[in-house]
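Spelled out, the chains give:
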Amino acid sequence: MESLFPLVVALVALMAVTVAVLGVARVPRRWAPPWAVLRGAVQLAVIALVLRGVLTNGWWVAAALAVMFTVAASTSTRRLGFSWHRLAVVSGAMVVGVVVAVGIAFVTGALAFTPRYALALGGIIVGNSMSIATLAGRRLFLGVHDRWDEVEGWFALGATPLTATAVIRREAAFEALVPTIDQTRTTGLVTLPGAFVGSIFGGASPLDAGRFQIVVLACVLTAGSITAVLLLRALGPVRTKPVRPS
């Protein structure tokens, strides 16, 4: 327990600074970051215990990935305004993106198809696809809300709902990918990604760690691109002005 004391002190200090900065700036929901860290710490503690018996069993890895995907799709859908139809749309877009990206990585032999790699790669891609889906959907709704006069102008010209939001959808797809594109472009110069550092700490050579990381980044971009395009196409046919995302 003594070894955990510095960790607890660091987390408390970091979150205290975070809440103070957001409070001074009057940013809404300033307690969201510390609650997120607390929840993440509990979940990581639980998953660390569970994974000790999972990494060598393919069926347990599949079950773990299914749970991760379910939580990710549900989380993204809630951010976009939950409905069962929207959950199906988000899940469908994400599953296509994840399956295509992971499939290419393993079928080409870039990564060995083992439970350990499947869990690591699948978990990373699912998490990033969730973020991209959320950003894409929110950008779409925000763009349509703010540019509703433009959308109505297209309607007046006889355009279909999908055509009326085409430009907004394209912009939303790119904006959703910008953080991932920037992270990929600056890898090794600005940041050392977690998969790379974790592989080295796990005993892999820098070359092997770099190979794993670049495959991960390429997979995230592929899965994210597919997810964003499919999701926005499904959400694009807007007939009424959407509520501005909060």
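From a predicted model like this one, the values you see are computed outputs, not experimental measurements.

1. Focus on the packing of aromatic side chains
Part 1 of the argument: Tallied over the entire structure, the rule returns four aromatic pairs.
Part 2 of the argument: Relative to Trp84, the ring of Phe82 lies with its centre 5.2 Å away and its plane at 75 degrees, an arrangement referred to as edge-to-face.
Part 3 of the argument: Using a relative accessible area of 40% as the deciding quantity, one classes Phe82 as partly exposed.
Part 4 of the argument: Measuring from centroid to centroid gives 6.2 Å for Trp148 and Phe155, while their planes differ by 75 degrees, and the two rings are edge-to-face.
Part 5 of the argument: For Trp148, a relative accessible area of 10% gives the class buried.
Part 6 of the argument: Overall, the relative accessible area of 26% leaves Phe155 in the partly exposed class.

2. Some remarks on the pattern of salt bridges
Part 1 of the argument: Scanning the entire structure with this criterion turns up three salt bridges.
Part 2 of the argument: We note a salt bridge from Glu150 to Arg147, for which the minimum N-O separation is 3.1 Å.
Part 3 of the argument: When its relative accessible area of 31% is taken as the criterion, Glu150 is described as partly exposed.
Part 4 of the argument: Across the salt bridge formed by Arg147 and Glu171, the nearest N and O atoms sit 2.6 Å from each other. With a gap of 24 residues between them, Arg147 in the loop between helix 5 (115-146) and helix 6 (148-156) and Glu171 in helix 8 (residues 166-185) connect regions that are remote in the sequence.
Part 5 of the argument: The exposure class assigned to Glu171 is partly exposed, which follows from its relative accessible area of 40%.
Part 6 of the argument: Within the structure, one salt-bridge network assembled from shared partners comprises Arg147, Glu150 and Glu171.

3. A short note on a positive patch on the surface
Part 1 of the argument: On the surface, a cluster of positive charge is made up of Arg29, Arg39, Arg78 and Arg79.
Part 2 of the argument: Secondary-structure assignment places Arg78 in helix 3 (residues 58-80).

4. Concerning the nonpolar core
Part 1 of the argument: Counting 48 residues, the largest nonpolar core has Met94, Leu121, Ile125, Leu140 and Leu231 as its most contacted members.
Part 2 of the argument: Those elements giving two or more residues to this core turn out to be helix 3, helix 4 (84-107), helix 5, helix 6, helix 8 and helix 10 (206-235).
Part 3 of the argument: Looking at which element gives the most residues to this core, the answer is helix 5, with 11 residues.

5. Re the packing of helix 5 against helix 8
Part 1 of the argument: Axis separation between helix 5 and helix 8 bottoms out at 8 Å; the angle between their running directions is 140 degrees. Regarding helix 5 and helix 8, the two cross each other, and that crossing is right-handed. Along its contact with helix 5, which presents Ile132, Leu135, Ala136, Arg139, Leu140, Gly143 and Val144, the element helix 8 presents Ile168, Arg169, Ala172, Glu175, Ala176, Leu177, Pro179 and Thr180.

6. Let's talk about helix 3
Part 1 of the argument: Taking 1.5 Å per residue as the helical rise, helix 3 with its 23 residues ought to reach 33 Å, and the 33 Å between its terminal C-alpha atoms agrees with that figure.
Part 2 of the argument: Taken together, the buried residues of helix 3 touch helix 4, helix 5 and helix 10.
Part 3 of the argument: Gly81 occupies a position one or two residues after helix 3 and carries a positive phi of about 100 degrees.

What counts and how
- Residues numbered from 1 in each chain as written.
- Predicted model: local features only at pLDDT ≥ 70, side-chain atom pairs only at ≥ 80, totals over all residues.
- Heavy atoms only, no water.
- Phe/Tyr/Trp six-rings, centres within 6.5 Å; stacked < 30°, edge-to-face > 60°.
- Buried < 20%, exposed > 50% of the residue type's maximum accessible area, 1.4 Å probe, protein only.
- Salt bridge = Lys/Arg side-chain N within 4 Å of Asp/Glu carboxyl O.
- Helix = DSSP H or I, 4+ residues; strand = E, 2+ residues; numbered from the N terminus.
- Patch = residues over 30% accessible without salt bridge, like charges linked within 9 Å, V, L, I, M, F, W, Y side chains within 5 Å.
- Areas by Shrake-Rupley, 256 points an atom, 1.4 Å probe, with all protein chains shown as cover.
- Lys, Arg positive; Asp, Glu negative; His and termini not counted.
- Charge placed at Lys NZ, Arg CZ, Asp CG, Glu CD.
- Core = buried A, V, L, I, M, F, W, Y, C linked by side-chain atoms within 4.5 Å.
- Axes fitted to C-alpha atoms, helices over the stretch in contact; angles between N-to-C directions.
- Left-handed = near helix turned anticlockwise from the far one by under 90°.
- Contact = heavy atoms within 4.5 Å.
- Expected span 1.5 Å × (residues − 1).

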